[in-house]
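Geometric and topological summary
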Amino acid sequence: MSIKIYGDPGSGSLRRVTTAAAIMGITIERVNIDLFKGESHTPEFLALNPHGLTPVMVDEDVVLYEASAINLYLAEKVGSDLLGASAHERHEVLQWMFWSGEQWRVFSTLTFNERIVKPFMGQTGDASIIDLAFANIRAAGAVLDRHLAQRRFIVGDRLTLADIDIAAPFSQSARTKVPFDEFPHLMAWQQRLLDTVPAWAETKRELDGRMDAAIAAVGLKL
Ligand SMILES: N[C@@H](CCC(=O)N[C@@H](CS)C(=O)NCC(=O)O)C(=O)O
């Protein structure tokens, strides 16, 4: 039976999984969940993830949510070096994945909610939340920028799951206008990923097409 991945092509979290699966050569069956129609809050979906969030993976009797956990599962299943090429690298990859979840992506998500989700629903975004998010993005971005000054990738000398997790906020940055462009090494690294990882570029095209069409359909001006 194929591995099912539930999600919306406009989702940066789904993009982390579809990119990693493509790099690892893992065939997945995509199950479309239209987030703009609230399809992650149906009783059927909530039985898979009671938080009502995508992506979700179903591999026979294994059900997992959280894109990082799904990627770790898939990488272990096929023995991929996206997890790192040595035990030391694996721990560094995990360090950056946990950091990304707690100190980094969350502030882009907050900005996305205020600048896209709320206006999409006819509500006004809260400027104080955006200020808080930007302050945290600037503090973390400065450290990340120094880390990337002499490196091509986050850990070691090749792409790992840490790059995919930390690059995820770039999925919506053209729309949310988070201040990533203040950090030249961060910008160069994200461009390097687009230039050297075909699956990352391909999932960006898919995501942008979906988001831009959804935003245009309601006449939202960003
Ligand atoms: N920490 C989660 C984030 C999941 C998440 O926020 N998913 C969004 C799409 S990117 C979602 O499904 N939102 C649906 C909703 O809020 O109703 C992960 O990494 O998988």
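Residues numbered from 1 in each chain as written. Predicted model: local features only at pLDDT ≥ 70, side-chain atom pairs only at ≥ 80, totals over all residues. Heavy atoms only, no water.

For the protein chain, the assigned domains read domain 1 (3-82) and domain 2 (83-217). Summing the contributions of domain 1 and of domain 2, the shared interface buries around 2,200 Å²; its carbon and sulfur component is 62%. When residues of domain 1 are sorted by the area they lose upon contact with domain 2, Arg 15, Phe 36 and Leu 82 head the list and together hold 33% of the total. Taken together, the connections running from domain 1 to domain 2 amount to five salt bridges. The shortest N-O distance in the salt bridge between Arg 158 and Asp 81 comes to 2.7 Å. In this structure, the connection of domain 1 to domain 2 is made through 15 residue pairs in polar contact (both at pLDDT 80 or more). (Domains from an automatic or database assignment. Buried area = accessible area lost by both parts, 1.4 Å probe. Salt bridge = Lys/Arg side-chain N within 4 Å of Asp/Glu carboxyl O. Polar contact = N/O pair within 3.5 Å; in protein donor to acceptor, adjacent residues only side chain to side chain.)

This part covers the sheet that holds strand S4 (residues 62-65). With respect to topology, four strands assemble into an open sheet ordered S2-S1-S3-S4, the strand pairing being mixed. Each edge of the open sheet carries a strand with a single partner, namely strand S2 (28-32) and S4. The average angle at which neighbouring strand axes cross in this sheet is 20°, direction not considered. Pairing geometry for strand S3 (residues 56-59) and S4, over four bridges, is antiparallel. Bridging from a neighbouring strand, Met 57 pairs with Leu 64 of S4. Strands in contact with helix H3 (residues 67-78) are strand S1 (3-7), S3 and S4; relative to S4, the strand with the most contacts, it is inclined by about 135°. (Pairing = 2+ DSSP bridges. Helix = DSSP H or I, 4+ residues; strand = E, 2+ residues; numbered from the N terminus. Axes fitted to C-alpha atoms, helices over the stretch in contact; angles between N-to-C directions. Contact = heavy atoms within 4.5 Å.)

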